[in-house]
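Now for the letters of each chain:
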Amino acid sequence: MQKNIINQIQACASMQELEELRISVLGKNGSLSRKFAELKNLDEDSKKKTAANLNKEKDEFNKYYNEKAQLLQEKELELKMQENVFNFAYFDDRAKTAAFHPLMQTMDKIINYFVNLNFSIESGPLIEDDFHNFEALNLPSSHPARDMQDTFYFKNKNLLRTHTSPVQIRTMLKQKPPIRIIAPGAVFRRDFDITHTPMFHQIEGLVVEDGDRVSFANLKSLLEEFLIYIFGDVKIRFRPSFFPFTEPSAEVDISCVFCKGSGCRVCKHTGWLEVLGCGVVDSNVFNFVSYENVSGYAFGLGIERFAMLLHKIPDLRSMYEGDLRLLEQFR
Ligand code: PHE
């Protein structure tokens, strides 16, 4: 075959060029096809000879054509793949699975602990009325203890609940003893600094039994075991305190998780951190829900505070900033 045609095949840069070349050689009016057509004008002898040559030429053309076509198709496929390329490297360290927020992780851990002890989970509305949030909890409107709470009020005197304790009242009004509940949820106070946000979360606990079956001793052992489960090797102390809805009342401290009790900025050099409030349910509260001849205890804790101490997060506000540099540490 003419060197020329082989060169032309090899010079083709695309399947389209190669196809055009094939048509110009083997198409209806192609150079080789025309030579085949002229065979009929030759005498028998030279017809045979020429036909043999032409067939050889055709086979040779096809051989070079097929080789080139394969090369070009591979090249074109590769180009196409590059065009549609999906750059997986881009997702290298982005396509991570979701994870629970440290606050929710802490909440789940606490809830699970009490659920395993047969506490059931209760909830109440975030918008409360004066009766459930204050009055029935032994905080009459004249009571100075109301100053302890900085409250968000609505025009109609409703309010954003300042603690989860109103769930105590709601539960006692709809159930009879024995009661054994925890009530997790958001609460609201007018406060904003490195240890306070206007919305935060509490878990309330309430146990009520007929007669005098439960005592402060039960409360104390429950909370001691709970705090050791959560914080590990810490010292625990119950400090006499006051809440209108419990009597006697206590605040519970753990030895500072930052300085191990030797005194630092976080514990204000006392060696202790307050982590919850508790007490024996005040008989006035039972009067408000018409319970007679019962005994009970209650406790309340701030989940953010637990999460901060557990994970040594210095600024409470960072819990709500959604900064991935913080959150990714809790995956
Ligand atoms: N409600 C109290 C507070 O918000 C905590 C508490 C709950 C104290 C139950 C005693 C019993 O500070």
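Here the residue numbering is sequential within each chain, running from 1 through the sequence in written order. Local features in a predicted model are, by the rule used here, given only for residues with pLDDT of at least 70; side-chain atom pairs are given and counted only at 80 or more, and totals for whole chains, interfaces and linings are based on all residues. Excluded from the side-chain calculations are hydrogens and water; all other atoms, namely the structure's heavy atoms, are used.

Some details on the nonpolar core
In this structure, Phe226, Phe231, Leu276 and Phe306 are the most contacted members of the largest nonpolar core, which totals 45 residues. A run of H or I in DSSP becomes a helix once it reaches four residues, and a run of E becomes a strand once it reaches two; helices and strands are each numbered from the N terminus. Of all the secondary-structure elements, those providing two or more residues to this core are helix H5 (102-116), strand E5 (199-210), helix H8 (216-231), strand E7 (246-255), strand E8 (272-281), strand E9 (294-302) and helix H10 (303-311). Of the residues forming this core, the biggest block, seven residues, is contributed by H8. Pairs of residues are marked as contacts when any of their non-hydrogen atoms sit within 4.5 Å. Not counting the four nearest positions on each side in its chain, Phe306 is found in contact with Thr106, Ile110, Phe226, Leu227, Ile230, Phe231, Val275, Leu276 and Leu301. The term nonpolar core refers to a set of buried residues drawn from Ala, Val, Leu, Ile, Met, Phe, Trp, Tyr and Cys, joined through side-chain atoms within 4.5 Å. Any residue under 20% of the maximum accessible area for its type is buried, any over 50% is exposed, and the rest in between are partly exposed; the area is computed with a 1.4 Å probe on protein chains only.

Quick notes on the site of the ligand
Around the ligand there are 14 residues in total, and His163, Ser165, Arg189, Gln202 and Glu204 lie nearest to it. Whenever two N or O atoms come within 3.5 Å, that pair is a polar contact, provided that in protein one can donate a hydrogen and the other can accept it, and provided that, for residues adjacent in sequence, both atoms are side-chain atoms. In this structure, His163 approaches the ligand through a side-chain N or O atom, which is 3.0 Å from a nitrogen atom. To measure how exposed things are, a 1.4 Å probe is used in the Shrake-Rupley method; for residues, cover is taken only from the protein chains shown. Protein contact buries 90% of the 320 Å² of open area that the ligand shows by itself. Looking at the shell around the ligand, the elements with two or more residues in it are E5, E8 and E9. Working definition: residue near molecule or strand if any one of its non-hydrogen atoms lies within 4 Å of it.

Details of the sheet that holds E7
One key point about sheets: their strands pair by backbone hydrogen bonds, in either a parallel or an antiparallel sense. In this description, strands pair whenever DSSP reports at least two bridges between them. Pairing within the open sheet is mixed, and its seven strands lie in the order E1-E4-E5-E9-E8-E7-E6. The two strands at the open ends of the sheet, each matched to only one other strand, are strand E1 (120-121) and strand E6 (236-243). Only the contacting stretch of a helix is used when fitting its axis, a line to C-alpha atoms as for every element, and angles between N-to-C directions run 0 to 180 degrees. Contacts from H8 reach E6, E7, E8 and E9 within the one sheet, and its direction differs from that of E8 by about 150°. On the sheet, H10 packs against E5, E8 and E9 and is oriented at approximately 145° with respect to E8.

Side note on the packing of helix H3 (residues 31-38) against helix H4 (residues 44-83)
Packing of H3 against H4 brings their axes to within 10 Å, and their N-to-C directions diverge by 160°. Here H3 lies roughly antiparallel to H4, going by the angle between them. Helix-helix and strand crossings are classified by hand; for H3 and H4 the assignment is left-handed. Residues Leu32, Lys35 and Phe36 of H3 form the contact with H4, whose own contacting residues are Leu54, Asn55, Glu57 and Lys58. Here is the rule for angles: anything less than 35 degrees is roughly parallel, anything more than 145 is roughly antiparallel, 65 through 115 is roughly perpendicular, and the remaining ranges are oblique. Definitions for this section: a left-handed crossing has its near helix turned counterclockwise from the far helix by less than a right angle. A right-handed crossing has that turn clockwise.

A word on the domain arrangement of the protein chain
For the purposes of this description, domain bounds are those given by an automatic or database domain assignment. On domain assignment, one finds that the protein chain holds domain 1 (3-85) and domain 2 (102-330). Between domain 1 and domain 2, the C-alpha centre-to-centre distance is 88 Å.

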